[in-house]
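# Structural characterization, general
Chain by chain, the residues:
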Amino acid sequence: MPEKPVNVNSQCPYCGVGCGLEILPPAEAGRAVRRDADGTPMWATRGDRNHPSNLGQVCIKGATVGQALARGRLRQPLYRTSLSEEFKPITWDKAFELLVDRIKQILKDKRQHAIAMYGSGQFHTEDYYLAQKLLKGALGTNNFDANSRLCMSSAVAGYSRSLGSDGPPCCYEDLDHCSVAFLIGTNTAECHPVLFQRLIKRKKRHPRNVSIVVVDPRATATSKAADLHLAIAPGTDLALLHGIAHLILRDTGFDSDFIEEATEDFAIYAKLVSEWTPDRVIAICGIQESQLREVARLWGRSKGVLSLWSMGVNQRREGTAVVGGLINLHLLTGQIGKIGAGPFSLTGQPNAMGGREAGGLAHLLPGYRLVDNPSHRAEVEKVWRMKPGSIAAEPGLSAWQQVEAMEANELDLWWVAATNPLVSMPNLERVKAAVRQCPLVVVSEAYTGSETADYAHLLLPAAQWSEKAGVMTNSERRVTLCPAYRPAHGESRADWKIFAELGCRLGFGDQFNYSSAAEVYSEFTTLTKGKVCDVSGLSHELLQEQGPQQWPFPLDSEPSSSSKRLYTNWHFPTASGRARFIAEQPLGLAEPPSEAYPLILTVGRYLGQWHTMTRTGKVERLKAMHPEPLLEIHPDDAERCGVKHGNLAAIRSRRSRVTAKVNITADIRIGSVFLPMHWGFNQDLACEANALMHEQACPISKQPELKATAVVVTQA
Ligand SMILES: Nc1nc2c(c(=O)[nH]1)N[C@H]1C(S)=C(S)[C@@H](COP(=O)(O)OP(=O)(O)OC[C@H]3O[C@@H](n4cnc5c(=O)[nH]c(N)nc54)[C@H](O)[C@@H]3O)O[C@H]1N2
Ligand SMILES: Nc1nc2c(c(=O)[nH]1)N[C@H]1C(S)=C(S)[C@@H](COP(=O)(O)OP(=O)(O)OC[C@H]3O[C@@H](n4cnc5c(=O)[nH]c(N)nc54)[C@H](O)[C@@H]3O)O[C@H]1N2
Ligand code: SF4
Ligand SMILES: [Mo]
């Protein structure tokens, strides 16, 4: 065991709901021991009744995670000098020597910005934190970005612009109290199932107390439970939000006390939305006026409006503006900082929130600090015990900028950890060509066979969740300790340990000398003192003894006494203390349909699969749920394109072509088609949806528009 197990409760390592799991040892009284293919005993999981975030509930992924941990693991470091060679095993010692030699050479040439790391919301906070200290502190480059750039960065930017800081202000209990749940760009039923069930249970018990509105171009398992489904045209969300505001203002549903006391820039916003008349909005969005009126009535006249959003909003070239547009409605109606109300981003990955706290994006530093703020840099350097000026003053390369840098031969070392970008990045053919040009590609990975490993020179075996201790923060700002309860496979090591060892070997022995993850966490928490995301009162020990805790949790807080909601006093962390209205004109899609590419492809998720399927693809029950990727297409479009149900179709964009079996369904809007993101090029039924997608991104959040690209569909 890497570390002594501290208890057998943990947080689910899949989605950002962050359910508490109770872990049952293989030989739990009276149960037959299930064994994996390699004979490893399998641990079972069930919902933890004492975890406040899920109260014992769990979905099929969390319930089967134990079956995904041991199969097909990477067990030792592998190396090859060029991609045309086979990998050969090397020792950790050799692997570190190789890294140290290369990095020292790069630093000697003053090319520190030729090093970049691409990390993940599936890191534990300790992994994230030491990656920041290694890159931004020891190496002097801010080129650390994470897959959160493809996921939550529009939410981060949107919260910061409107409210003055990142940080979702709500909690899951708000689902039990809201009178309207406004679900926009989220297929909650499949992607955040335990939260969805909580809402549905309430709706069934008290159907008149809560209305559910879903905004999604597709009919999904989520929209099927809604009172009102607005199947808007893809990319028209901001027009819709302005249209709702227009009617709220006109029909006096707004909260003038709140606007006056707690906001700024209202006049300019009111002027902008006055242009967004119902006629204009319904024409752009493709909905009926009665639907628009109904949703505006619900917003303007209800006690508590809770809006939930995810990738349909964030993955837009105007993602930050759409988040702003949504928060505007909360400010306009005073629906924030109170029970059952507020703008609530549903985080995708289990620790994307912890990543934000630890500064895990190229423009951030730990404790919600910013790279381009000199006093923030100085505060961090002090805690890191690094020379003043160690942290570079400019933000580093974002995810896509790292690809562009490889294209321009500006990166000498690209290190990918806990993400599989050769499936999940947009414009995959361009990514492949760029990565091939990078002289040293390092991939830290838990399993064999990932697509990104095919492009690696040095492959480092990672100990994953269950084999390493660490903490994760879920969507409602709740921090859970995830103990190590299984031995690591082969020679695999925790990501933070790899970063710490490299730091020591690069000559920063004092700064990277940690004996446990608890010690790493303890240093991190000091950097959050006095910040919005204050966790200075937390420690592994406290979390182990008292269970999961929500932040803010300043030093000397009483366990479970922390505030459940932010901004209850109407005071916001902006310069003026007021929240800001954001007035942006809608832009629509970066790549709208055309004569040659008449359909809009959107790419998303299936309930039983997780991303690139390195784990869920190994669980029989989940495989049986979704045996193959399907192209969803409306009957009218299918007829026009000449494709038949169950046959193969070819889907072509300006960048590439893929094939998939056709599923003709009236659930999808005419003019839109859908593919899942899960099947990368190493899967038996490969369907590289992201080879089709473009990389154009929101200029503020730099989050690519992974939800829409123009395609043409024909018979394969
Ligand atoms: N089962 C499962 N659950 C997961 C994951 C997983 O891989 N599998 N991944 C996790 C992660 S990291 C994330 S980020 C979340 C993502 O969670 P979600 O965002 O809920 O999931 P997606 O399927 O990516 O997209 C959500 C919906 O956006 C809609 N959409 C597309 N275009 C538009 C548009 O223009 N406007 C609007 N309003 N909607 C649009 C799509 O039709 C889709 O139904 O899920 C998390 N949970
Ligand atoms: N078109 C389109 N593209 C998308 C999206 C979309 O909706 N549409 N969604 C985007 C979003 S929101 C996301 S979050 C990304 C997700 O995309 P990825 O992050 O690429 O997907 P994962 O399969 O979760 O990759 C995680 C990898 O880390 C490995 N791993 C697991 N645990 C550990 C560990 O502890 N340490 C290490 N080193 N490795 C580990 C896993 O085996 C796996 O290979 O995809 C993005 N791409
Ligand atoms: S809802 Fe999310 S966190 Fe909860 S068990 Fe399912 S995948 Fe895990
Ligand atoms: Mo995500």
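Residues numbered from 1 in each chain as written. Chains lettered and ligands numbered in written order. Predicted model: local features only at pLDDT ≥ 70, side-chain atom pairs only at ≥ 80, totals over all residues. Heavy atoms only, no water.

### Concerning the site of ligand 2
- Taken together, 31 residues lie around ligand 2, and S424, E445, D495, T612 and N690 are the ones closest in.
- Contact between ligand 2 and N147: an oxygen atom at 2.8 Å from a side-chain N or O atom of the residue.
- Residue V603 places a main-chain N or O atom 3.3 Å away from a nitrogen atom belonging to ligand 2.
- Bound to the protein, ligand 2 loses 99% of the 910 Å² it would expose on its own.
- Classifying every residue of the shell around ligand 2 gives 13 nonpolar, 13 polar and five charged.
- Taken together, domain 1 (82–151 + 351–550) and domain 3 (599–715) each give at least three residues to the shell around ligand 2, which thus spans both. (Near = heavy atom within 4 Å. Polar contact = N/O pair within 3.5 Å; in protein donor to acceptor, adjacent residues only side chain to side chain. Areas by Shrake-Rupley, 256 points an atom, 1.4 Å probe, with all protein chains shown as cover. Nonpolar A, V, L, I, M, F, W, Y, C, P; charged D, E, K, R; others polar. Domains from an automatic or database assignment.)

### Concerning the domain arrangement of the chain
- Per the domain assignment, the segments of the chain are domain 1 (82–151 + 351–550), domain 2 (155–345) and domain 3 (599–715).
- Put simply, the middle of domain 1 and the middle of domain 3, counted by C-alpha atoms, are 30 Å apart.
- In this complex, domain 1 contributes 25 residues to the contact, which on the side of domain 3 involves 24 residues.
- When domain 1 packs against domain 3, close to 2100 Å² is buried across both sides, 54% of that on carbon and sulfur atoms.
- Inspection of the region where domain 1 meets domain 3 yields two salt bridges.
- Of the charged contacts in the structure, one is a salt bridge between K432 and E688, with a shortest N-O distance of 3.0 Å.
- Across the domain 1-domain 3 interface, the total number found is 18 residue pairs in polar contact (both at pLDDT 80 or more).
- For the side of domain 1 that touches domain 3, the secondary-structure elements that each account for two or more residues are α16 (399–407), α17 (421–424) and α18 (428–436).
- Per-element tally for the side of domain 1 that touches domain 3: the top contributor is α18, with four residues. (Contact = heavy atoms within 4.5 Å. Buried area = accessible area lost by both parts, 1.4 Å probe. Salt bridge = Lys/Arg side-chain N within 4 Å of Asp/Glu carboxyl O. Helix = DSSP H or I, 4+ residues; strand = E, 2+ residues; numbered from the N terminus.)

### A word on unusual backbone geometry
- Along the chain, W551 connects to P552 via a cis peptide bond; the corresponding omega equals 5°.
- In this fold, P552 is placed in the loop between β21 (549–550) and β22 (579–580).
- Phi at R477 takes a positive value of approximately 65°, unusual for a residue other than glycine.
- Examined against the element boundaries, R477 turns out to sit in the loop between β19 (470–473) and β20 (478–482).

### Topic: the site of ligand 3
- Neighbouring residues of ligand 3: C12, Y14, C15, G18, C19, V58, C59, K61, G62, P193 and V194.
- In this structure the site holding ligand 3 corresponds to the second largest cavity.
- Contributions of two or more residues to the shell around ligand 3 are made by α1 (60–64) and α6 (193–205).
- Of the residues contributing to the shell around ligand 3, the split by class is eight nonpolar, two polar and one charged. (1 Å grid on protein atoms, 1.4 Å probe; cavity = no way out; pocket = protein on both sides within 12 Å on 5 of 7 lines; lining within 4 Å. Sits in = over half its atoms within 2 Å of the grid points.)

### Some details on the sheet that holds β19
- The antiparallel open sheet is built from three strands, whose spatial order is β19-β20-β21. Single-partner strands in this sheet number two, and they are β19 and β21. (Pairing = 2+ DSSP bridges.)

### Overview of helix α3 (residues 125–139)
- The terminal C-alpha atoms of α3 lie 20 Å apart, and with 15 residues this matches the ideal 21 Å at 1.5 Å per residue to within 8%.
- Burial analysis of α3 places 15 of its 15 residues in the buried class, the great majority of the element. (Expected span 1.5 Å × (residues − 1). Buried < 20%, exposed > 50% of the residue type's maximum accessible area, 1.4 Å probe, protein only.)

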